[in-house]
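Observations on the three-dimensional arrangement
Given next are the chains, with one letter for each unit.
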Amino acid sequence: WISIDTNSKSSFGAQGCRSMLRSAKGYDGSPSTSSPAHSNSKMGRRGSLSTSSSSSSNGSGLVSMLFGLDYRSLAMYRVCVSILLLLDLWVRSRYLHEHYSGLATWPSHLAADEAASFSLHFISGEMPFLYALWIMNAIFVFFMLIGYRTRLFTFLSWMMLASLHTRNGYVLNGGDDFLRCMLFWAMWLPLGARYSVDSTLLGNTPPAQLTSQTSSKYYLSVATVAAMGQFALIYYFTAVLKTGPEWTLDYTAVYYAVYLDQFATRWAILMRGFPALMKLLTLVTIYFEYYGTLLFILPFPSVHGPLRTLGVLGFVAMHAGFGTCLELGFFMYIPSVCATMFLPAWFWDTLVPSILRRPKSVFTVHYNPKVTGLDQALSILRTFFLNNTSLLPMATQEEENQAAHDQTSSSSSSSSSSSSSSFISNRDPSITISLPRGVHVAQDDSEWIEVIEEHTGQRYLGFDGVVQLFRSSRVLFVLVPVMCADFLRHALTLLAPFFLSAAHKVFPSAPMVGPTKRSRAKEAGVLFFFLVVLTWNFASYYQFPIPDTVRFVGLTTRLDQWWGMFAPAPAKVDGWMYYPGILADGTYVNVFEGRGVSGGRGDAKVHIKEDGTPEYSKPDLVSHQFATQRWRKYLMNIQIGSLHYLRLPYGQYLCREWNFYDKFPPNKHLKSYKIVYVTQITPEPDQPWEEPEHVTLWEHVCF
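Here goes a summary of the coordinates provided. (Residues numbered from 1 in each chain as written. Predicted model: local features only at pLDDT ≥ 70, side-chain atom pairs only at ≥ 80, totals over all residues. Heavy atoms only, no water.)

**Thoughts on the packing of aromatic side chains**
In total, this model carries 49 aromatic pairs according to the counting rule given. Between the aromatic rings of Tyr236 and Tyr290, the centroid separation amounts to 6.5 Å while the plane-to-plane angle is 75°, which identifies the pairing as edge-to-face. Here the residue Tyr236 occupies a position in helix α11 (residues 222-240), and Tyr290 occupies one in helix α15 (residues 275-291), the gap between them amounting to 54 residues. Look at Tyr236 and you get partly exposed, because its relative accessible area is 36%. Note on Tyr290: relative accessible area 30%, which makes it partly exposed. Ring pairs connect the aromatic residues Phe155, Trp158, Phe184, Trp185, Trp188, Phe528, Phe529 and Phe530, which therefore count as one cluster. The side chain of Lys242 reaches across the aromatic face of Trp247, ending 5.1 Å from its centre. Lying across the ring of Tyr256, Lys572 places its NZ or CZ 4.9 Å from the centre. (Phe/Tyr/Trp six-rings, centres within 6.5 Å; stacked < 30°, edge-to-face > 60°. Helix = DSSP H or I, 4+ residues; strand = E, 2+ residues; numbered from the N terminus. Buried < 20%, exposed > 50% of the residue type's maximum accessible area, 1.4 Å probe, protein only. Lys NZ or Arg CZ within 6 Å of the ring centre and 35° of its normal.)

Right, here's the structure in full:
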């Protein structure tokens, strides 16, 4: 039924299929993304499906190696950034009312009046609408995660992220801009070319994965250059903007950073006792921000892979250090996730195989093609979890009939018996059918899967075969004890047809997206957007006016950016906050507590003086005053004099949260309060500390 010719050698039947699958894996050992669903639906009716594209889309030689991106690295970025977006959505969901509703700390109508671009979150500030947007956003990101219609859902995920950022920019930090800008360039990249539903079922298979040449594993386009350029611009400008002597002369920037109590973790407090180490880290940080991205494009083919891998790991280590010492929220992870797209082929072909051992067991799965959705489900499982598995369809009743017809009409059947297997026909027991060796025949529709362990020859049928596949997976093995429970086994057996039918409808086997191609119009568009980014960054640095067209495009696409993190030097004025308030019955309270209104875990210490008034002292760990990084950023913005207009809506929000919604009885309603910021200047190393100053930022009367 099939013959595969390789290097003048012929392989037949299942052996030929295995040879073809091994060749499709390539020397890197990654699974082929061509699927039996794709083969059954298209190749059987119209012949082979072409996956060829312009050779220029993959690049070649040194240029492709320097400025191209490996398909596997793009897949890793897609998975990691999707997980990060889902985690970010989960954290935001805890404070949708506080940050995004019409009664938020920065209400919708005020945000809409100020915004320079559109946000879907401006349509309504009602909570049902916000929850609907949140659910849509999570669905978009999930489909991006699994790589289903990847480009579409990457665009929709970026659109929802930009909408969130536009709705309330006062809860954002530089990491949010980093994530949004890199996700914009990712829309133009083939994120779904590997390890995705698209590549498994929808025919979006790049020709690069069918070869074993290192250069052909890279995708090269203007978008890859733009993504790499954006990454380099971020670190270049964050370095050149650090012009203070703390970065360039005395190297005390890390010293001042770890004394920012509103960010400092316990590790930062510990580091304060090592001044020499802090100077060394300052020096390493500024130089690596300047020159770290050069490791991505050094033109030495023999060491390019290790050097680029070293560069990626360097950025990961640098931000891990930042996040260990400072409470930065997701900023600790965002640059590391974005750096994964630059991992070279050497990382996957040499480093990963040397660390991860290949699975001990290799399986061949014979599945019944008559079971609706089974081929799609198995193909998806193989793509994501079972790369040690080969899939082969069982022979159908029609193929059995054809074999019987060929046997009775041919006199040469005995000459091919060495490469055939025999079985008794279901329709006529007097006839022995011969089919190529290795092809399992489905005797009836109830036999839906057979799993064969190649090393031992052990066979597992039906649900036992599925359990064995899960047991061999590095990820799914944790589900095996649950699957073996009798009640769940019966439930899964009953529900399997429903899930398989759903898989068939949601993930049709016919190709829905074309091969990876380069379009001149797309390339020109990407180049235009990259020129906008270049102009924006240089205009911001050299202080010349941004052209109106550039400003309009930058704000509309949310490519507006400023990379002045800890520039020109870390802040030297820091402090902590407390909100002394008076209730209706005359009781003194600290409004800034961990009540879910604005505070976190580290409340100010309260001491009642002889006259009955409270006295507040510094918390043990100031950074724990804030529930999340979003709250930290918003409340630190309130401390800035130029953003004083944030204080009135925030004050109104606090009165509503305390007095409305029946949280407290009338005699415990909040009557008035103050927002007090205790400031303290960090002295130079080895200099004495001055006494802190209590500054009243705001006074508010609720009733």
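**What about the nonpolar core?**
Membership of the largest hydrophobic core comes to 129 residues, with the highest contact counts inside it found for Tyr77, Phe231, Leu635 and Tyr650. Sort the elements by how many residues they give to this core and α11 lands first, with ten residues. By size, the runner-up hydrophobic cluster in this structure holds 20 residues, among which are Phe363, Leu374, Leu378 and Val480. (Core = buried A, V, L, I, M, F, W, Y, C linked by side-chain atoms within 4.5 Å.)

**As for the packing of α11 against helix α24 (residues 520-542)**
α24 packs onto α11 with a crossing angle of 5° between their chain directions and a minimal axis gap of 10 Å. The orientation of α11 with respect to α24, classified from their angle, is roughly parallel. Seen from α11, the contacting residues are Val222, Ala223, Ala226, Gly229, Gln230, Leu233, Phe237 and Val240; seen from α24, they are Glu523, Val526, Leu527, Phe530, Val533, Leu534, Asn537, Phe538 and Tyr541. Of the residues in the contact of α11 with α24, the class split is 13 nonpolar, three polar and one charged. (Axes fitted to C-alpha atoms, helices over the stretch in contact; angles between N-to-C directions. Parallel < 35°, antiparallel > 145°, perpendicular 65-115°, else oblique. Contact = heavy atoms within 4.5 Å. Nonpolar A, V, L, I, M, F, W, Y, C, P; charged D, E, K, R; others polar.)

**Observations regarding the sheet that holds strand β10 (residues 459-461)**
Reading across from one edge, β6-β5-β9-β10 is the order of the four strands in this open sheet, with mixed pairing throughout. Every other strand in the sheet has two partners, leaving β6 (389-393) and β10 as the edge strands with one partner each. Averaged over all pairs of adjacent strands, the angle between strand axes in this sheet comes to 20°, irrespective of strand direction. Bridging between strand β5 (residues 363-367) and β6 involves five bridges; their strand directions are parallel. Paired with Thr364 across the two strands is Ser390, which belongs to β6. Relative to β10, helix α21 (residues 463-472) is tilted by about 120°, and along the sheet it contacts β5, β6, β9 (449-453) and β10. (Pairing = 2+ DSSP bridges.)

**Let's talk about the environment of His319**
Inspection of the secondary structure puts His319 in helix α16 (residues 304-325). When its relative accessible area of 5% is taken as the criterion, His319 is described as buried. For the pair His319 and Thr285, spaced 34 residues apart in the sequence, the C-alpha separation amounts to 9.9 Å. Contacts of His319, omitting those with residues within four sequence positions, involve Tyr235, Phe331, Met332, Pro335 and Ser336. For His319, the side chain forms a polar contact with the side chain of Tyr235, separated by 2.6 Å. (Polar contact = N/O pair within 3.5 Å; in protein donor to acceptor, adjacent residues only side chain to side chain.)

**Examining a nonpolar patch on the surface**
Together, Trp267, Leu270, Phe274, Leu277, Leu280, Leu281 and Val284 make up a nonpolar patch on the protein surface, roughly 680 Å² of accessible area in all. Elements supplying a minimum of two residues to the nonpolar patch: α14 (266-271) and α15. In terms of residue count, α15 provides more of the nonpolar patch than any other element does, four residues in total. When its relative accessible area of 55% is taken as the criterion, Trp267 is described as exposed. (Patch = residues over 30% accessible without salt bridge, like charges linked within 9 Å, V, L, I, M, F, W, Y side chains within 5 Å. Areas by Shrake-Rupley, 256 points an atom, 1.4 Å probe, with all protein chains shown as cover. Salt bridge = Lys/Arg side-chain N within 4 Å of Asp/Glu carboxyl O.)

**With respect to the environment of Tyr287**
You can see Tyr287 is positioned in helix α15. Note on Tyr287: relative accessible area 45%, which makes it partly exposed. For the pair Tyr287 and Ala239, spaced 48 residues apart in sequence, the C-alpha to C-alpha distance is 8.1 Å.

**Points about the state of the cysteines**
Scanning the model with the defined rule gives one disulfide in all. A disulfide bridge connects Cys655 with Cys702, and the sulfur atoms are separated by 1.9 Å. Since a negative S-S torsion denotes a left-handed disulfide, the Cys655-Cys702 link at about -70° is left-handed. With Cys655 in helix α27 (residues 647-659) and Cys702 in the segment after β17 (693-701), the pair connects residues that are 47 residues apart, well separated along the chain. Its relative accessible area of 8% is what places Cys655 among the buried residues. There is no disulfide at Cys338, and the cysteine sulfur nearest it, in Cys181, is 9.7 Å away. (Disulfide = S-S within 2.5 Å.)

**A look at unusual backbone geometry**
Backbone torsion omega between Ala567 and Pro568 reads -5°, so that peptide bond is classified as cis. Along the chain, Pro568 turns up in the loop between α25 (548-556) and β11 (573-578). The residue Gln543 is not glycine, and still its phi comes out positive at about 60°. On the secondary structure map, Gln543 appears in the loop between α24 and α25. Overall, the relative accessible area of 65% leaves Gln543 in the exposed class. Of note, the phi angle at Phe566 is positive, near 55°, even though the residue is not glycine. Mapped onto the elements of the fold, Phe566 is located in the loop between α25 and β11. Accessibility expressed as a relative area gives 30% for Phe566, which makes it partly exposed.

Any functional reading would require information beyond the geometric quantities listed.
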